[in-house]
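Residues per chain, in single letters:
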Amino acid sequence: MGKKEISTLFSSDPDKYYRVSLFDRLGFKRNKCISCEKFFWSLIDKNICPDHEAYNFIGNPPTNKRLDYIGAWKEIEKYFQSNGHSIVRRYPVVCRWREDLYFTIASIVDFQRIMNNKVIFELPSNPLVVPQMCLRFNDVENVGVSGRHYTSFCMIGQTCNADAPGGYWKDHCIDLDFGLLTNVLGIKPEEITFVEDIWMGAGAFGSSLEYFVRGLELGNAVFTEFEGDENNYRIMKNKIIDMGAGLERLSWITMGTPTSYDCSFGPVIKYLENAIEVQKDEKFLSNYFKLVSSKFNNIEDDSSDKIKKLKKTISQEMRIPFEHLEKIVSPYEAIYTIADHTRTLLFAISDGSLPSNVGGGYNLRILLRRVLSIIERFKWNIKIEDLIDTHVEYLKDMYPELEENKQEVYTILKIESDRYASTRQRMNDIASTIRKNNKQLTVDDLIRLYESDGITPDFLKEINVITDIPSNFYVKLSELHNINQKSLYSPSIEGLDGLPPTRLLYYEDSSIREFYAQIIKIKENYVILDQTSFYPRGGGQEPDKGNIGDVKVLEVIKQGDIVLHRVENLSSLSEGLRVKCRVDEVRRDSITKHHTSTHILNSSSRTTLGSWVWQNSAFKDVNYGRLDITHHSALNKEEVERIEKTANEIVMKNLDVNIKEYERGESEQKFSFRIYQGGVVPSNKVRIVKISEFDIEACGGTHVNRTGELGLIKILKSERIQDGVVRLEFVAGQAAIDYIKNQDRNISFITQSLGSSKEKLTHSFKKHLDESEKLKTKIKILLRKTSPILAKSISTNSKQISSNGVKLFTTYDEELDEEFHITIGEKSINLDPFLIYISLISKGEGEGIRVIVFVGETARKYGFNAGKIAKIFSISLGGSGGGDSKFGQGGGRFKNRIEEVLNSSERYVSETLKR
Ligand SMILES: [Zn+2]
Ligand SMILES: [Zn+2]
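Because the structure is a prediction, the values reported are computed rather than measured.

Colleague: It is not clear to me how the packing of aromatic side chains should be interpreted in this structure. Could you clarify?
Modeller: Evaluated as defined, the whole model comprises 37 aromatic pairs. For the pair Y91 and W97, a centre-to-centre distance of 5.6 Å together with 75° between the ring planes defines the contact as edge-to-face. Aromatic pair Y288 and F289: ring centres 5.0 Å apart, planes at 80°, arrangement edge-to-face. By relative accessible area, which is 1% here, F289 ends up buried. Put simply, the rings of Y150, Y261, F265, Y288, F289, Y332 and Y336 pair up and form one aromatic cluster. We note R90 situated over the ring of Y399; from NZ or CZ to the ring centre the distance is 5.6 Å. Over the aromatic face of W169 sits the side chain of K239, whose NZ or CZ is 5.4 Å from the ring centroid.

And the structure:
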């Protein structure tokens, strides 16, 4: 059974699935749409469902109040509060609690956790309402154009667990929503239509009632009551009400502005209108967007120019030339797009996401580049910073937290804008090549251009390389980037069913290094104990090693609740045996210190660099640790030093490392989603590792008791490993001391070799550097002075290989370098124009062979070409080469062919002469 069958099933029993008490009380009648056959409920007789209605509220709103965005929220908040709902603050738009999503795409996502591939609903209170900002990137090309599409929008989430205290079900939900429309907004009951629908999510589904006023869908009340899929489902123990209503639409229905953008961005639209100096023709825009709305719903066109086609139809209906219409409408589409995109960037960057080329970050980069392109295309004088400021100022009553990270949003947008400006020249070059070749670009071409060179279709449109942006470009690009990030390799051992969970001693008392345990199962080379203090591989932490009995433990993994120890051999081990086990103390100690250090470095990076720093991944081994953080640029020396300094201050403060288990919901509310640095925790109990107030993370790893135990954290290296990710490699504890000792030893060696002392090391080193420079100069002079003599001797010692005087000199050299042979070779052919000079140079173990060729002027006239010779020889040596007729060079790696190549040179020369 698919979605359609479920829908048919529900609609075949409307009394069970859709008839709510309100319908009976007020006399709502059930109708069937003659156009799309959907069922819907209304007070007045209708045979067409609201999907086919034009937006007749534009210019004529059906409400008794005019509420802008914030005003509408204030009314909604008051209404639901007075009806027993808790108002919950919005969750981050960057979805840290679900591995399958980058961004929060709906209000219900806030309360969904995934465990064992099953969706669990966790509500912080019951019932509740949340003004959840949601990010979606599948309609980018419609934003600013349709009057109602956004990349970020506020979904008012009215949510409750129907079966828990405070919960309610369909009847009360629809009563409340109906009350909001009629009592709060003053909409007449006859204006409201409820359409029957179904909703299917991950592992759960149910019936839903969408409510419409004058063609505009205002909300959708989903009654999630079945779990499983359409073929195998049962009624949920805790049914969920999930009503979502777009705040942008609720405000719009009361304002009746031409688009929902006009009433949703407050002073931002005003700011943009001033900047563009357009005289607004409200009536024209109202008429235009009313026509857009009625046609947009029913577009069944996937072609790339569907929007253009739609506009052409409208221009005919409005009896106005298409170009004229474009001239009026396009600046508005542009400012609406800018308003939407900058608001999305504000929320996403505020919540810790970075524009980049990977993961969800690519969406943000695209949005910013679109904004910059548009501003450039229209040559407007608009500052992105001003826009951000105006957004924050307007939204701060509703989202006060936006003020906190405003500065950081500026910083990131500035860096990204500069980056864009600096790549523009290259983009221009590529674009002019495309134009010259007059190539018709497909969507795949455009995707390639974006992926490899960062060229957006908006840019190509701006400079007239393409006329339209294919409407499926962004969808295709999204699909490309939405592939799930994480898939960890772990061997899967069969036949563990029925075994009891292993008792985890390392959590009970992390100091246990020796313990007795019983072998309860042996599978392949894996030993399963009733209890263990061996920490298994996981969360970037390398496993413990040690002994079980007298056998070495090579690897420890965890599968479900069971810890498996891979051992060197099974000679003395058998099932049922009670054995003494020992964890390698030094190894565990070192790994533990590196683990706690990643927590400290993560937070010290964030306080040093900015709030966008999150742990991207981490690795904790015996000899060193590695932490990858999200950051926009490579780190300079000072930044690394500051991170290290802050980290060591925490070490020296000897702070308490506190570990405690919390209920998941409680820990999220108490410590925020920052706890998920190492990713999502797939259980309802969360182990919180708290280093005073400095760093709080959910983590299952092993940790020291106090930061002082780390002794020292030393960053060895920082490296930008991909766009938006910087890697720090570091050592701590004994590994740090060993590292310093080793450095010291190196310095001692150098001072001794220089015959200096540690105090005078830099001075002595500089002196030696100077001397070495002087020697180099001397060699050059020597070479210059002796080269005429060498050249002469080369000329006389070369072999004449033909009657017309062409001579060949070949040599293989393991001592002198390229520079020498280039100088001598050139001298020699200048002295003797009949000469061909070929030199193969090898500089020792592991290095390849260089090929240097010079051909004298007369020899060139006989058809010899240095570049060609270099190429042929290099290929024979397994490499490549080239050059011009006088000088050629190249190289290869097959040293065993040197003799063969040299021997063949004479034959080659005579053959060329014959030709
Ligand atoms: Zn219909
Ligand atoms: Zn950790």
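So, next bit.
Colleague: So what exactly am I meant to see when it comes to the nonpolar core here?
Modeller: Across soluble globular proteins, you tend to see nonpolar side chains buried next to one another. Counting 193 residues, the largest nonpolar core has I156, F194, L247, I338, W380, L460 and I713 as the members making the most contacts within it. If you tally residues by element for this core, the top one is helix α11 (residues 322-350), at 13 residues. Discounting chain neighbours no more than four positions away, the residues touching I338 are L272, V371, I374, I375, W380, I382 and L387. Counting residues in each nonpolar core, the second largest holds 22 residues, with I801, V806, I836 and F873 among its members.

Colleague: Any chance you could explain the sheet that holds strand β29 (residues 835-842) here in plain terms?
Modeller: Note: strands within a sheet are paired through backbone hydrogen bonds, in either parallel or antiparallel orientation. Reading across from one edge, β27-β28-β29-β30-β32-β31 is the order of the six strands in this open sheet, with mixed pairing throughout. Two strands bound the open sheet, and with one partner strand each, they are β27 (799-800) and β31 (880-883). The pairing of β31 with strand β32 (residues 887-892) spans four bridges and is antiparallel. Residue pairing for β32: G883 is matched across the bridge by G888.

Colleague: What exactly am I supposed to notice about the coordination of the zinc ion (ligand 2) here?
Modeller: A four-donor tetrahedral metal ideally has 109.5 degree angles, and a six-donor octahedral metal ideally has angles of 90 or 180 degrees. Of the protein atoms, only H595 (NE2), H599 (NE2) and C699 (SG) coordinate the zinc ion (ligand 2), at distances of 2.1 to 2.3 Å. Sequence spacing of the donor residues for the zinc ion (ligand 2), all on one chain, is H-x3-H-x99-C. Of the two residues, H595 and H599 both sit in helix α19 (residues 585-609), four residues apart, roughly one turn of that helix. No difference in accessibility class separates H595 from H599, as the two residues are buried.

Colleague: Can you walk me through the sheet that holds strand β21 (residues 625-630) in this structure?
Modeller: Taken together, the four strands give an open sheet; going across it, the order is β20-β21-β26-β25, and neighbouring strands pair in antiparallel fashion. Whereas interior strands pair on both sides, the edge strands pair on one side only; in this sheet they are β20 (615-620) and β25 (713-722). Averaged over neighbouring strand pairs, the angle between their axes works out to 15° when direction is ignored. Pairing analysis gives five bridges linking β20 to β21, with the strands arranged antiparallel. Note on β21: the bridge partner recorded for F619 is R626. Docked against the sheet, helix α22 (residues 733-754) engages β25 and β26 (725-732), running at close to 85° with respect to β26.

Colleague: Any chance you could explain the pairing of strand β19 (residues 578-583) here in plain terms?
Modeller: Walk down a regular strand and you will see the side chains alternate between the two sheet faces. The side-chain alternation of β19 yields one buried face, formed by V579, C581 and V583, and one unburied face, formed by R578, K580 and R582. Pairing analysis gives five bridges linking strand β13 (residues 514-523) to β19, with the strands arranged antiparallel. Counterpart to F515 in the pairing with β19 is C581. Summarising the sheet, strand β16 (residues 546-548) and β19 pair through three bridges and their orientation is antiparallel. Across the sheet, residue I548 finds its bridge partner in β19, namely C581.

Colleague: Looking at this structure, I do not really get the coordination of the zinc ion (ligand 1). What am I missing?
Modeller: Within the protein, the atoms that donate to the zinc ion (ligand 1) are C33 (SG), C36 (SG), C49 (SG) and H52 (NE2), at distances of 2.1 to 2.3 Å. Classification of the site at the zinc ion (ligand 1) as tetrahedral follows from its four donor atoms and the range of 96 to 118° in their angles at the metal. Counting gaps between the donor residues of the zinc ion (ligand 1) yields the pattern C-x2-C-x12-C-x2-H. In this pair, C36 is assigned in the loop between β1 (29-32) and β2 (39-42) and H52 in the loop between β2 and α4 (69-82), connecting sequence segments 16 residues apart. Take C36: its relative accessible area is 32%, and that puts it in the partly exposed class. Classification of H52 as partly exposed rests on a relative accessible area of 26%.

Colleague: What am I meant to see in the pattern of salt bridges here?
Modeller: Oppositely charged side chains may form a pair once their charged atoms are brought near each other. Within the structure shown, the criterion is met by 49 salt bridges. Notably, a salt bridge pairs E53 with K46, separated by 3.1 Å at the nearest N-O pair. The exposure class of E53 is partly exposed, given its relative accessible area of 23%. With its nearest N and O atoms 2.8 Å apart, the salt bridge here joins K685 to E663. Here the residue K685 occupies a position in strand β23 (residues 685-691), and E663 occupies one in strand β22 (residues 657-663), the gap between them amounting to 22 residues. Its relative accessible area of 42% is what places E663 among the partly exposed residues. Among the charged side chains, a network of salt bridges with common partners joins R365, E416, R419, R720 and D723.

What counts as what
Numbers given to residues run from 1 along each chain, matching the order in which its sequence is written. Whichever chain is written first is A, and whichever ligand is written first is 1; the rest continue in order. With pLDDT at 70 or above as the cut-off, local features in this predicted model cover only qualifying residues; side-chain atom pairs require 80 or more to be listed or tallied, and sums for whole chains, interfaces and linings still use all residues. Only hydrogens and water are set aside when side-chain values are computed; all heavy atoms of the structure are taken into account. Between the rings of Phe, Tyr and Trp (Trp by its six-membered ring), a pair exists once the centres lie within 6.5 Å; its type follows the angle of the planes, with under 30 degrees stacked, over 60 edge-to-face, and the other angles tilted. Only protein chains enter the accessibility calculation, which uses a 1.4 Å probe; a residue is then buried when its area is under 20% of its type maximum, exposed when over 50%, and partly exposed in between. Charge over a ring is defined by NZ of Lys or CZ of Arg lying within 6 Å of the ring centre and within 35 degrees of the ring normal. What we call a nonpolar core is a set of buried Ala, Val, Leu, Ile, Met, Phe, Trp, Tyr and Cys residues that are connected through their side-chain atoms within 4.5 Å. Note on conventions: DSSP H or I runs of at least 4 residues are helices, E runs of at least 2 residues are strands, and numbering of each starts at the N terminus. Residue contacts follow a heavy-atom distance rule, with two residues in contact if any of their heavy atoms lie within 4.5 Å. Criterion used throughout: strands pair if DSSP finds at least two bridges between them. Think of the donor list as every N, O and S atom within 2.8 Å of the metal, or within 3.2 Å for Na, K and Ca; water never makes the list, so a site can look incomplete. Helix axes are fitted to C-alpha atoms over the stretch in contact, other axes to C-alpha atoms as well, and angles between N-to-C directions run from 0 to 180 degrees. In these descriptions, tetrahedral denotes four donors with every angle between 85 and 135 degrees, square planar four donors and octahedral six donors with opposite donors over 155 degrees apart and the rest between 65 and 115, and irregular any other case. A side-chain nitrogen of Lys or Arg and a carboxyl oxygen of Asp or Glu constitute a salt bridge if their distance falls within 4 Å.

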